[in-house]
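Listed here are the chains, written in short residue letters.
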Amino acid sequence: MRGLRFKQKRNGVLLCTMFISLTILAQELQLNSGYNVKEYLSQISVNTISISPNGNYIAVITSNDDIEENTTEKMLWYYEINDEGELISKTKIDFFSNTISQLNWTNDSRYLIFKAKDSIGYSLFKALSKSPKKITPILKEREKLKELSSYKILDSTTLIFLESKAKNKEKGQKDILSFPKTKNEIHTTFKKMNFETGKIDSLFTLESNVVHFDISPDQKHMIYANYNHSSYFDNNSYADSHTYIIDATNGSLKKQLTDDYVWDESNWFGEDKILSFFNGNPEKKHYNPTFNGLCIINPNNGNRKKLDNFKGRISSYITLNNSEIIINAQQSTTSNFYTYKNDHFERISDHKGTISNFKNNKNKSLMAFSMITNSSFEEVYIARTIEELNNPIRISDFNSSLSAQPIPEIEKISWKNSSGETIEGVLMWPPGKKGVQNLPFVVDIHGGPRSSRSEAISLGGLHYYYAPSLLASKGFLVLLPNYRGSTGRGQEFMEALNGHPSSKPSDDILTGVTYVIDKKWANKDKMIIKGASYGGHLTNWIIGNTDIFKVALPSCGIWNERASYGTGDGDIGQLIKFNQLHYWDNPELFDKESAFLYAKNIKTPTLITHGGKDVRVPTHNAYAMYYTLKEQGATVELLIYKNEGHIYRKPHNKLHKVEAELLFIEKHLGN
């Protein structure tokens, strides 16, 4: 017998259980085997990739949690590549206090430009390509760049940058909140800088919060998107956020390209076309998330042409010429590359996993991206041709230690839900045990719900919320269901949960569990259900409608739809999933789809975790669930991470959460 005793408050964690007694591990539950938890949570993620115009240099920003120091480290890596795609050198630049962002190159590839903070303050810095550790600030007077939000390189000596400032900052007593809040108007000034001399000229100011801009190839025009929103998101959040073409010298308006409720990021596609990367349906007069799409806009008349009826989730794209586009997108449970020409998309790779940060250089001679495969954690890859995208060259070794360990075996499976529809998911087997029967079993439910799971060994982030390969490495069979509402299978499938946001996806999940049980792969006496955010919400609902699970681990999920209405950072999510209905329009439906209604049925031992400052799913959900289940006599424990929001920031809290869940599993599934 082993024990672990906690005080009421420890490291910012509030524990509603004072003592966790641990039993001896069951033979199947080898929780001390597999990936080391600290190493797993410290895996390196790739944030940004940028390639020099000549294709000989690649800059990469990474981040990872330093558990010992309780900080997240951000690093700049610099690679030199020869014309054959061979790695010549690698340099780590680590003296900017985790503040590096906004990578760019001068047109002659002589300098890498980036924003960072040194001991004096923020500035734009330039690193000499041939000597990447030779770094100098572009401006010594840091206050001049204090409000810099983004920039674009014009040539080898000049850049355009933006400064955004609030016109009327709200004033009032610090201990009083007043509603409705005064709209905080933001003005953006466009400025030109010669980074050889440091000379700065103001070009013009727009009465908008410019969040993205691009300069036409002839440098006569700019296209920009503004984003004017409040802190509370509703159907009108994007009503005043549009895309415009302006004169590059004086900012005069040439054309408004959009007038809808859709978020749009547009870039020039040659001189006579604009490529728009958007999320939403422009025809609907309210905010409506969709799978990401692409369309070509004629800048002269504003006509839009949507590119194909592509059912995948587009992550990013590059252009090769004025007519050919390559995207990386997730369809079903894999991410791959697709070319667009002759009015349709064609798949050109066969990867199993997730692709991110897809970029090419200005001269179109090199492509780079990061990828997590079914057998390798995230690394950076390059390709010189379209053909090489299917067999790229790996240039990094960020996570080689994890990738060298025994890897869970991953496969896509599918089954029929109660309505006869095909549902897909990913199954992770313990290393060397594919096909073995009677394994301890975990259902790990993704959040969103506008998200999905791929055949990747890792998620590339949020490892403390979703750690399927960690659990698989410790002997569990893990199911990752892509229920109705998930991305990667088209707009109709993504909207299929609307109107029944708990019951429909829960049916998809439970029929998947039945499928695995019928195959005799799962041990029915050792089944766990877990999930975070929307996955936590579905976990709460499911354990009120079945008692087949022996452990439940919901995190930051909604417990009571009625009580949650109007308490988060917006009502958009509820309006969408209930087909634009408010609670008072159909209270019976809201209650039926709420986990709270089924509280008396819950008998599954449950550990609830939640951030104390969560405004996406307010923390009252966790308290209400805990005290409700406690009153019902259920076995329930609660961990509130007091200074965390919906996304955790402190590595110590991430580690504590995962270890607490493993101990809870050990306690309730042991001998």
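Residues numbered from 1 in each chain as written. Predicted model: local features only at pLDDT ≥ 70, side-chain atom pairs only at ≥ 80, totals over all residues. Heavy atoms only, no water.

Asks: Describe the side chain of S276, naming the residues involved and giving the relevant values.
Replies: Mapping S276 onto the fold places it in strand β22 (residues 274–279). By relative accessible area, which is 0% here, S276 ends up buried. When residues no more than four places from it in sequence are discounted, the contact partners of S276 are D264, E265, S266, G293, L294, C295, I297 and R304. (Helix = DSSP H or I, 4+ residues; strand = E, 2+ residues; numbered from the N terminus. Buried < 20%, exposed > 50% of the residue type's maximum accessible area, 1.4 Å probe, protein only. Contact = heavy atoms within 4.5 Å.)

Asks: Just give me the short version of the sheet that holds strand β27 (residues 334–341), but keep the residues and values in it.
Replies: In space, the four strands of this open sheet follow the order β25-β26-β27-β28, with antiparallel pairing throughout. Edge positions in the open sheet fall to β25 (313–319) and β28 (344–347), since each of these has one partner strand only. Strand-to-strand twist across the sheet, computed as the mean angle between neighbouring axes with direction ignored, equals 30°. Relative to β27, strand β26 (residues 325–331) is paired through seven bridges, and the arrangement is antiparallel. Looking across to β27, one finds that Q330 is bridged to S335. (Pairing = 2+ DSSP bridges. Axes fitted to C-alpha atoms, helices over the stretch in contact; angles between N-to-C directions.)

Asks: I'd love a proper account of helix α5 (residues 503–518), names of residues and values included.
Replies: The end-to-end C-alpha distance of α5 is 22 Å, a good match for the 22 Å that 16 residues give at a rise of 1.5 Å each. For α5, the set of buried residues is S503, P505, S506, D507, D508, I509, T511, G512, V513 and V516. Those residues of α5 that are buried are in contact with β33 (409–416), β34 (422–429), β35 (439–445), β36 (477–482), β37 (522–532) and α6 (534–543). Downstream of α5 by one or two residues, K520 has phi in the positive range, about 65°. (Expected span 1.5 Å × (residues − 1).)

Asks: Tell me what's going on with the packing of aromatic side chains, and back it up with residues and numbers.
Replies: With the rule as written, the count across this model stands at 32 aromatic pairs. Aromatic side chains F310 and Y338 sit 5.0 Å apart centroid to centroid with 70° between the ring planes, which places their arrangement in the edge-to-face category. Residue F310 is located in the loop between β24 (304–306) and β25, and its partner Y338 is located in strand β27; the two are separated by 28 residues in the primary sequence. In terms of burial, F310 and Y338 fall into one category: buried. One aromatic cluster is present, formed by Y464, Y465, Y466, Y641 and Y648 through successive ring pairs. Above the plane of the ring of Y122 lies K115, whose end atom (NZ or CZ) is 5.4 Å from the centre. When the ring centre of F278 is taken as reference, the NZ or CZ atom of R304 above it lies at 6.0 Å. (Phe/Tyr/Trp six-rings, centres within 6.5 Å; stacked < 30°, edge-to-face > 60°. Lys NZ or Arg CZ within 6 Å of the ring centre and 35° of its normal.)

Asks: Give me the lowdown on empty space enclosed by the protein, citing residues and values where you can.
Replies: Within this structure, the stated rule accounts for five cavities of 30 Å³ or more. As a volume, the largest cavity reaches approximately 80 Å³. Along its surface, the largest cavity is lined by H463, Y464, Y465, A467, L470, L471, K530, L553, V658, E661, L662 and I665. Elements supplying a minimum of two residues to the lining of the largest cavity: α3 (468–473) and α11 (651–669). In terms of residue count, the dominant contributor to the lining of the largest cavity is α11 (four residues). Taken together, the residues that form the lining of the largest cavity break down as nine nonpolar, one polar and two charged. When its volume is computed, the second largest cavity comes out at roughly 50 Å³. If you list the elements that add at least two residues to the lining of the second largest cavity, you get α6, β38 (551–555), β39 (606–611) and α10 (620–631). (1 Å grid on protein atoms, 1.4 Å probe; cavity = no way out; pocket = protein on both sides within 12 Å on 5 of 7 lines; lining within 4 Å. Points joined across faces, edges and corners; volume = space filled by probe spheres on them. Nonpolar A, V, L, I, M, F, W, Y, C, P; charged D, E, K, R; others polar.)

Asks: Tell me what's going on with the environment of G302, and back it up with residues and numbers.
Replies: Positionally, G302 belongs in the loop between β23 (293–297) and β24. For the pair formed by G302 and K134, sequence separation is 168 residues and the distance between their alpha carbons is 46 Å. Here G302 is in contact with K255, L257 and I297, once residues within four sequence places are set aside.

Asks: So what about unusual backbone geometry? Which residues, and what values?
Replies: Residues apart from glycine generally show negative phi values, whereas peptide bonds are mostly found in trans. Across the junction of G448 and P449, the peptide omega takes the value 5°, indicating a cis bond. Here L462, not a glycine, exhibits a phi torsion of approximately 55°, which is positive. Within the secondary structure, L462 sits in the loop between β35 and α3. Phi is positive for C556, which is not a glycine, with a value near 45°. Looking at where C556 falls in the secondary structure, it is placed in the loop between β38 and α7 (561–564). Given a relative accessible area of 1%, C556 falls into the buried group.

Asks: I'd like a rundown of the sheet that holds strand β13 (residues 148–153), residues and numbers included.
Replies: Strand order across the open sheet formed by four strands is β13-β14-β15-β16, with antiparallel pairing between neighbours. With one partner strand each, in any of the chains shown, β13 and β16 (200–206) form the two edges of the open sheet. Pairs of neighbouring strands in the sheet enclose a mean axial angle of 25°, with direction left out of account.

Asks: Explain the nonpolar core residue by residue, including any values.
Replies: Within the largest apolar cluster, 42 residues are counted, with the highest numbers of intra-cluster contacts made by L427, F441, V443, I445, L477, V516 and I529. Broken down by element, the residue count for this core peaks at five residues, all from α6. The residues touching I529, leaving out its near neighbours within four places in the chain, are V443, I445, T539, I542, I543, F549, V551, A552 and L553. V426, A456, L471 and L639 belong to the second-largest nonpolar core, a separate cluster that totals 41 residues. (Core = buried A, V, L, I, M, F, W, Y, C linked by side-chain atoms within 4.5 Å.)

Asks: Residue-level account of the pairing of β37, with values.
Replies: With nine of 11 residues buried, β37 lies mostly within the body of the structure. Pairing of β35 with β37, which is carried by six bridges, proceeds in the parallel orientation. Counterpart to D444 in the pairing with β37 is K530. Of the pairings in the sheet, the one linking β37 to β38 comprises five bridges and is parallel in character. Residue I528 lies in a different strand from β38, and its bridge partner there is V551. Of the crossover connections in this fold, the one passing from β37 over α6 to the parallel β38 is right-handed. (Right-handed = clockwise from strand over helix to strand, strands pointing away.)

Asks: Describe the environment of K603, and please don't skip the residues or the numbers.
Replies: Tracing the sequence through the fold places K603 in the loop between α9 (587–592) and β39. For K603, a relative accessible area of 56% translates into the label exposed. When the C-alpha atoms of K603 and E69 are compared, they prove to be 39 Å apart, with 534 residues separating the residues in sequence. A polar atom in the side chain of K603 sits 3.1 Å from the backbone oxygen of K600. (Polar contact = N/O pair within 3.5 Å; in protein donor to acceptor, adjacent residues only side chain to side chain.)

Asks: Any chance you could break down the pattern of salt bridges for me, citing the residues and the numbers?
Replies: If charged atoms from side chains of opposite charge come close, those side chains can pair. What the rule picks out here adds up to 21 salt bridges. Linking E196 and K126 is a salt bridge whose minimum nitrogen-to-oxygen distance equals 3.8 Å. Of this pair, E196 sits in the loop between β15 (186–194) and β16 while K126 sits in strand β11 (residues 122–128), placing them 70 residues apart in sequence. Exposure remark for E196: the relative accessible area of 41% places this residue in the partly exposed category. K126 gets classed as buried once you look at its relative accessible area, which sits at 11%. The network of salt bridges with common partners includes E421, R484, D507 and D508. (Salt bridge = Lys/Arg side-chain N within 4 Å of Asp/Glu carboxyl O.)

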